[in-house]
Amino acid sequence: MELQTFIIDTLSRALAYGTPLLLGTLGEIYCERSGVLNLGVEGMMILGAFAGFVTTYATGNPFLGVLAAAIVGGSASMIHAFFSITIKTNIQVVSGLAITFFGLGLTGVLGRGWEGKPLDASLPIIGSPFLESIPVLGPIFSGQSVLVYISIGLALILWFILFKTSWGISIRSAGEDPEAADALGVNTSLVRYLCVLTGGVLAGIGGAYLSIDYRPSWTQGMTVGMGWIVIALTIFSFWNPLAALIGSYLFGSLFYLSFKLQPYLAPELLMIMPYLTTILALVLLNCSKTFRRRLGVPAALGLPYNREEK
Amino acid sequence: MGFRIEKNPAVPSRMVVFSFSVLSLFLASAVIGIIFLAYGINPIRAYTDVLSKTLGSFYGLSEIIRKSIPLLLCGAGLLLVFRTSFWNIGAEGQILMGALAATWAALFSNFPDFLLIPCLFLFGFIAGAVWGFIPTVLKSRFRISEVITTLMMNYIALYIVLFLIHGPWKGKTMRGFAYTDKFPASASLPLIGNTRIHWPTLIIALILVAAIYIILTRAKLGYEIKVISQSPKAGRYAGISYFKTVFWVMIISGGAAGLAGAGEVAGIHHLLRHPNQISMGYGYTAILVAWLARSNPVITIMTALLMAFIFVAGDTIQLSFGLPSQIVNVSTGLILFFLILSEGMMRYRISWKSKEG
């Protein structure tokens, strides 16, 4: 019985803590699938967290907060898109890092007066009698926010679009071989812009989930490096939205376990896992060429596409 | 009459690059001025205040110099790496591993006192170099992007240090704080007067800059870097192994970052503590130091001082105006934005045409 509650608690917290990771990862998957590496996830998340908190505090409407976070995250991602797609600098790495610096800095400066303020309004909790009636595992779903369910739905939809529709083919070809995509009439720039935007919007919402729902308050740097875990997760899930679902909850559970198992196991050793396993996953992935091809690492990832140079 | 934006084939001259860099800094400070205004602070007054308390005071100047030491070590190393188009964003982790190894030498090794400081630096160098070497192996053997591995390894280093200071290395004399014990006096670097400038590290940093200058202008490695930076393909025809070059370059760059970490713990803190207090993001800021200096290592002395000035200015703003020191990150981000923008502008030109040919 003891063990059973422990497992249920862990799974329930994994769902809650995995949700911002999942939202961020889904966005980054689209971004990288289209060929753009965005290291600004941490920055976009914290901007979203702050915008979401302030808007919800001011209006009392958490949905407006989520909307504001989406807009702010999306706008930040457009800076990155402009630099890496339009200006075509070879320095996507730096532009992403710049967004992270800027986001952490700006929210730190502007957010000073907002620390410690309580947030009354919160996102609705969805009770799903159907899910909760599942034997044994039912309690996992009680008390989860609406965003948890939305993000699961989103993972399914985004997987379907990416692998089962012509839009998905356009996105993947933009990241795989932009030259060929271009020849086939795909507007590579537009596709990449939209994917980066998707990434920014979802990272922003992921941040808002933290500040509106998970811990309804604002603290400087409250994303605690989640943006970097998202970068790792994107690879760990091999750029697949369904795998991201599993990976997010797996890594999400580490946050809870590192706290819960503290008496027995140093929390740092668990927190190291996302980064270590990502490197190991990459090593395994690259051991076999067919494996690599089947999983589809975007071949043109991080490379700008210059139409006129071809 | 019409105009179109086209690629400018000419390599921008030094003067153009310099003016664009200065313009970027100027624009970034203008935007920071707007933030001051939003907080009801007169930006002109704020800037004069910051200048008088940093450049205009002995303490301020000495702090700028001491914060420029790790930036110079990492920045000069990164400048070398970036010329080979190897994206080492792992200087932060290399600093931490250097600090960790130096701490081990200071606390747990049994080197005689007179050898302790040289060993401390040696261990720092080796640890940083190993941390820089792993991504090159992963790239050459498994074709794994160094952007990802160096980034991930920053966090692995961070959690290793956290693990040690909370666990096995936690100081018995520290009343439950997450520090190691204090270093013995023989492991503490000498300082200049009553400043916090640990001059041995400063001298090592200056020697490194000179060495990198010599490597780039006179040594075989520098020649290979130059060929590779212009065309990796030409390098291959000339019999230059890309990975062999990157391997040496990363040993130097990682080792230099490791030295920076050793210098911070042995010169400033005299113990191992939370990674954010040891490094404060020097490894990431060093990317900016290297980039602003373009391809000339000697200029990193200036750009490291400049970024150190921004760090110290952030502290001053926090003390004088009560604004969070996070304003440093805002300026770093803004400078990077404007630099990328100017990079793009330099590569394009507007051509006026009366008729399409």
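For the structure, see preceding data.
Residues numbered from 1 in each chain as written. Chains lettered and ligands numbered in written order. Predicted model: local features only at pLDDT ≥ 70, side-chain atom pairs only at ≥ 80, totals over all residues.

A. Here's a closer look at the overall build of chain B. Each helix and strand counted, chain B has 14 helices and two strands in total. A compact globule built from 357 residues would reach a C-alpha radius of gyration of about 21 Å, and chain B, at 22 Å, matches this within 12%. When the 357 residues of chain B are sorted by exposure, 49% land in the buried category. Contacts spanning at least 24 positions in sequence make up 77% of the contacts within chain B whose residues lie at least 6 apart. (Helix = DSSP H or I, 4+ residues; strand = E, 2+ residues; numbered from the N terminus. Rg over C-alpha atoms; globule rule 2.2 N^0.38 Å. Buried ≥ 20, exposed ≤ 12 C-beta atoms within 10 Å, placed from the backbone. Contact = placed C-beta atoms within 7 Å.)

B. Geometry of the interface of chain B and chain A. At the junction of the two partners, chain B supplies 36 residues and chain A supplies 35 residues. Going through the elements one at a time, α5 (113–142), α6 (146–166), α12 (282–292) and α14 (327–347) of chain B are the ones with two or more residues in the side of chain B that touches chain A. Looking at side-chain class alone, the side of chain B that touches chain A contains 26 nonpolar, eight polar and two charged residues. (Nonpolar A, V, L, I, M, F, W, Y, C, P; charged D, E, K, R; others polar.)

C. Looking closely at the packing of helix α1 (residues 2–33) of chain A against helix α9 (residues 188–214) of chain A. It is at 7 Å that the axes of α1(A) and α9(A) come closest, and there the two elements cross at 170 degrees. In terms of their interaxial angle, α1(A) and α9(A) are classed as roughly antiparallel. (Axes fitted to C-alpha atoms, helices over the stretch in contact; angles between N-to-C directions. Parallel < 35°, antiparallel > 145°, perpendicular 65-115°, else oblique.)

D. Representation of helix α4 (residues 91–108) of chain B within the structure. An ideal rise of 1.5 Å per residue puts 26 Å on 18 residues; α4(B) measures up with 25 Å between its terminal C-alpha atoms. The buried count for α4(B) comes to 15 of 18 residues, which makes it a mostly enclosed element. (Expected span 1.5 Å × (residues − 1).)

E. Spatial organisation of the environment of Ser248(A). All names here are of chain A. Tracing the backbone shows Ser248 in helix α11 (residues 241–260). Overall, the presence of 30 C-beta atoms within 10 Å leaves Ser248 in the buried class. In sequence terms Ser248 and Thr25 are 223 residues apart; their C-alpha atoms lie 7.9 Å from each other. For Ser248, the residues in contact, after removing those within four places along its chain, are Gly18, Leu21, Leu22, Thr25 and Leu233.

F. Layout of the environment of Ile79(A). If you trace the backbone, Ile79(A) turns up in helix α3 (residues 62–86). By C-beta crowding, Ile79(A) is classed as buried, having 23 other C-beta atoms within 10 Å. Separated by 31 residues in the primary sequence, Ile79(A) and Gly48(A) have C-alpha atoms spaced 15 Å apart. Aside from chain neighbours lying at most four places away, what touches Ile79(A) is Ile99(A) and Phe337(B).

G. Fine view of the packing of helix α4 (residues 92–110) of chain A against α14(B). Running from amino to carboxyl end, α4(A) crosses α14(B) at an angle of 145 degrees, the nearest separation of the two axes being 7 Å. Two packed elements cross with a definite hand, and for α4(A) against α14(B) that hand is left-handed. On the side of α4(A), the interface is formed by Val94(A), Ser95(A), Ala98(A), Phe101(A), Phe102(A), Leu104(A), Gly105(A), Leu106(A), Gly108(A) and Val109(A), while α14(B) contributes Ile327(B), Val328(B), Asn329(B), Val330(B), Thr332(B), Gly333(B), Leu334(B), Leu336(B), Phe337(B) and Ile340(B). Taken together, the residues of the contact of α4(A) with α14(B) break down into 14 nonpolar, six polar and no charged. (Left-handed = near helix turned anticlockwise from the far one by under 90°.)

H. Structural detail: the nonpolar core. If you look at the biggest cluster of nonpolar residues, it comprises 207 residues, and the most contacted ones within it are Leu73(B), Cys74(B), Ala102(B) and Leu120(B). Non-local contacts of Cys74(B), meaning those with residues more than four positions away in its chain, are made with Ala91(B), Ile95(B), Ala256(B), Ala257(B), Ala260(B), Tyr282(B), Gly283(B) and Ala286(B). (Core = buried A, V, L, I, M, F, W, Y, C linked by C-beta atoms within 7 Å.)

I. Focus on unusual backbone geometry. Positive phi outside glycine occurs at Phe238(A), with the angle close to 50 degrees. In this structure, Phe238(A) sits in the loop between α10 (226–236) and α11. Of note, the phi angle at Ser85(B) is positive, near 60 degrees, even though the residue is not glycine. Structurally, the position occupied by Ser85(B) is in the loop between α3 (58–82) and α4.

Worth remembering: the numbers are spatial, not functional.
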